[in-house]
Structure formats: structure tokens, C-alpha cells
Amino acid sequence: MSYQLVCLGNPLLDLQVDVEPEYLAKYGLKENDAILAEEKHFPIYEEVLKMSGLKTVAGGAAQNTARGAQYILPPNSVVYFGSVGKDVYADKLNEANKQYGLRTEYQIQDDIATGKCAALINGPHRSLVTDLAAANHFKVDHLEKQENWAIVENAKYYYIGGFHLTVSPPAIEKLGKHAAENNKVFALNFSAPFIPQFFKDPLASSLPYVDFVIANESEAAAYAEAQGLSVDSKDVVAIAKEIAKLPKANNKRPRTVVFTQGTDATVTVTYNESTKDFEVNEYPVRKLEENKITDTNGAGDAFASGFIAALVEGKDIAQAVDEGQWAASLSIQEVGPSFPFPKQTY
Ligand code: 26A
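What counts as what
- Residues numbered from 1 in each chain as written.
- Predicted model: local features only at pLDDT ≥ 70, side-chain atom pairs only at ≥ 80, totals over all residues.
- Heavy atoms only, no water.
- Core = buried A, V, L, I, M, F, W, Y, C linked by side-chain atoms within 4.5 Å.
- Buried < 20%, exposed > 50% of the residue type's maximum accessible area, 1.4 Å probe, protein only.
- Helix = DSSP H or I, 4+ residues; strand = E, 2+ residues; numbered from the N terminus.
- Contact = heavy atoms within 4.5 Å.
- Phe/Tyr/Trp six-rings, centres within 6.5 Å; stacked < 30°, edge-to-face > 60°.
- Pairing = 2+ DSSP bridges.
- Near = heavy atom within 4 Å.
- Polar contact = N/O pair within 3.5 Å; in protein donor to acceptor, adjacent residues only side chain to side chain.
- Areas by Shrake-Rupley, 256 points an atom, 1.4 Å probe, with all protein chains shown as cover.
- Nonpolar A, V, L, I, M, F, W, Y, C, P; charged D, E, K, R; others polar.

**Thoughts on the nonpolar core**
Step number 1: Judged by nonpolar contacts, the single largest core of 58 residues is most densely connected at Leu5, Ile44, Val78, Leu120, Val129, Tyr159 and Phe307.
Step number 2: Looking at this core, the element that brings in the most residues is helix α12 (residues 299-312), giving 9 residues.
Step number 3: Leaving out residues up to four positions away in the same chain, Ile44 has contacts with Tyr23, Tyr27, Leu29, Ala118 and Val129.
Step number 4: Grouped together as the second largest cluster of nonpolar side chains are 56 residues, Val6, Val167, Ile195 and Leu203 included.

**Some thoughts on the packing of aromatic side chains**
Step number 1: For the structure shown, the criterion picks out 15 aromatic pairs.
Step number 2: Ring geometry for Tyr71 and Phe341: centres 5.5 Å apart, planes at 85°, overall edge-to-face. Here Phe341 lies in the segment after α13 (317-331) and Tyr71 lies in helix α3 (residues 61-72), a separation of 270 residues in the sequence.
Step number 3: A relative accessible area of 34% places Phe341 in the partly exposed class.

**With respect to the side chain of Ser168**
Step number 1: Note that Ser168 resides in the loop between β9 (157-161) and α7 (169-181).
Step number 2: Residue Ser168 is classed as buried on the basis of its relative accessible area of 4%.

**Describing the pairing of strand β11 (residues 212-216)**
Step number 1: Most of β11 sits out of view: 4 of its 5 residues are buried.
Step number 2: Taken together, the 3 bridges between strand β10 (residues 185-189) and β11 define a ladder with parallel strand orientation. Note on β11: the bridge partner recorded for Ala187 is Phe212.
Step number 3: Of the pairings in the sheet, the one linking β11 to strand β12 (residues 255-261) comprises 5 bridges and is parallel in character. Note that in β12 the partner of Val213 across the bridge is Val257.

**Some words on the pairing of strand β7 (residues 115-122)**
Step number 1: Burial of β7 is extensive: 8 of the 8 residues sit out of reach of the surface.
Step number 2: Taking every second residue as pointing to the same face, both faces of β7 are buried, with Gly115, Cys117, Ala119 and Ile121 on one and Lys116, Ala118, Leu120 and Asn122 on the other.
Step number 3: With 7 bridges joining them, strand β2 (residues 12-18) and β7 adopt parallel strand pairing. Bridging from a neighbouring strand, Gln16 pairs with Ala119 of β7.
Step number 4: Pairing geometry for β7 and strand β8 (residues 125-131), over 7 bridges, is antiparallel. Each residue of the ladder has a partner; that of Lys116, found in β8, is Asp131.
Step number 5: The antiparallel hairpin formed by β7 and β8 contains 2 residues in its connecting segment, where Gly123 sits at a positive phi of about 60°.

**Considering the site of the ligand**
Step number 1: Around the ligand sit 18 residues, and of these Asp14, Gly60, Asn64, Thr130 and Asp301 come closest.
Step number 2: Between the ligand and Thr130, the relevant distance is 2.8 Å, taken from a nitrogen atom to a side-chain nitrogen or oxygen of the residue.
Step number 3: Asp301 places a polar side-chain atom, nitrogen or oxygen, 2.6 Å from an oxygen atom of the ligand.
Step number 4: For the ligand, whose unbound accessible area comes to 470 Å², protein coverage reaches 97%.
Step number 5: Of all the elements in the fold, those that place two or more residues in the shell around the ligand are β2, β3 (33-36), α3 and β8.
Step number 6: For the shell around the ligand, the per-class residue count stands at 9 nonpolar, 7 polar and 2 charged.

Structure, rendered in C-alpha cells:
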């Protein structure tokens, strides 16, 4: 069966440069964050284009995961939806996706530029500043087109970048509903702290459909704080339990929450609705020697690609975490959210 996995997100071209902490300070940026650009950030895009060592790499969180999953899975396994313009940035995205064999069904905007993300690298940290542009114009009608909906119906797994909650909650809910009604697997990444913080309502509307939540420790803390949970915001197990037991649209599948924590152990919590029991597991990370790390831009997306690819391959959660950690360790040895060629196998 081809095209088992459908991914949805914001296609972006990453403009990646090394910067000093002073540069981040000048724009009030945190060393590790992902934000939507405000007016005051726009000069950054002009400035990075003039910096030496600028690298343009295909980005967009869910698109990175889609490329990574297609890297791992057999040909014709993954389709990615998002919105781009008609420009050289889109050409670059198409080129990268072609290299990985990722099929895209972009919604194309005639008069709006492809989105971009300034990926400001400082040592092991990355600060991401995004101008969504065309990516912000994705509409659910694109998914509803007969040929695209046929792709959706044919798939068995869905992966949504939480960043897309800022763009088209109706598209996310449409896919979520389809997955729940047909007992298919639906995964959502929280993507960044500002999603649980400022996009609470669309997140709450999507969560009932979600079988797998994938997030990191800072997104977990942001969720706990935004919801006013009476748990320690560093206690990822307690936070995962709260999310795992939220109501589900499809009661034929349990919900599993997967929290990565950088070089600390990955935690998974699965809630069994009928016994009211939680299954909690911790998986230490495969540590890479520091001198092998190129940058961590896209590490979380790569983890998600290994995790979701393993599910598509019919593996269990422990194996999926291991495959996720393997994929992340490959990607952080490359420039940006990329994987090595010739291909490595798990
Ligand atoms: C809505 N926002 C802010 C975003 C993003 C984003 N992808 C989608 N929407 N901000 C940053 N990224 C992407 O995250 C990847 C690293 O995880 C960057 O393009 C980068 O490739």
C-alpha cells in the first residue's frame, strides 16, 4: 500500500547562520525558541542574507519530519501538504523533497512569497524566527479537493505540526475527524512553547483526535503553565499523564504522550481508558560525542520522523522511540534539518 503517511504543516526555507548571543539580544530573542516574526524582527531577514556562512536549507517543522520519514520508509510512503509561493524558495524546497522522494501536494499562492525561517545558531542552541507568508494561506479546501482527499483516505497515519494550529485549525480537525472515524493513527507535535501558551483553543479542539502527542520538555512546561495544572512544570511524567487522560474521539486507541528532553531520557505515558492505568516508560538518549554535533536545528523533527516511520512499519512504542533517537542523532550531524546521503539504515 503506497502513501501510508500524510503530513500537514508550514513549508519554509531555513536561512541558517551562526550568530553571537549579542545578535539574539539585539532582537530580544531567546537562545532556544521558535517564534513568529513581528515587525521589529523583519530586518533580520535582510541581515542574514548578507552574513557570511549563510546556508539555505529546506525547513518547516512538519516538512522536515515528512522528509525524514520518507528517508526511512520505502519509496512512495509519505505525502506532505502545505502552502508555498511561486519563487526560488519554493524551487529549493521542491529540490530537497525530490532528493528524499517526498511527494508534496502544495497549495500554490500566485502573489505571496514562500515562507522563511531565520535559524540563528549559537553553539548547541537554535533560535527560529519565522515569516510564514504563503504558508499562512493554507486552506482546508485544498485538502477537500477530490484528488487530495483521495490521498488522505488512502493513508493510515497522519502527522500534524502543531505550528499549523496558527494557520488552519479546520484542516487539522478535518484530518483528525477522518482518522478518528476510521480508527487510523493521528499524531500531533506541540512544536514550540508558544503553541500551548497562545493557541490554547485550537489545541484543545484538536487534542480529542490525537493518539500520539510528541513534544519536548519546554513545550510540556508551557502546556502545564498555560493550563494552570497543579503539577511541577518540570515534572514531565505528571504533565504527560494530564494530557494522556484528556477525552478522546476514538476510544479504540489509547493516547500516548511522548516527551523528549534533549540529552535527558525520552518519557512516554500511555493511558488505558478502561483500566484507568498509566503505562510510564523512560528511554535514555543515544548520546553523541559533542564534536560530532553540527547543529540541533530540526533535531525534534527528526526524532518525530523516526518515531512515526516506526509506527508505520508496525513497530511498538519502545522501538519507535529508539528509531526516533537514531534519526535525531543522524540529523544533528548534518547542517540544518537534513539527513545524510548516501542513506543510512536503522
Ligand atoms: C509557525 N512557525 C513559527 C513555524 C516554524 C517552523 N515550522 C513551521 N511553523 N518556526 C520554525 N519552524 C521550523 O522548525 C524547524 C526546526 O524544528 C524551521 O523551519 C526549522 O526547519
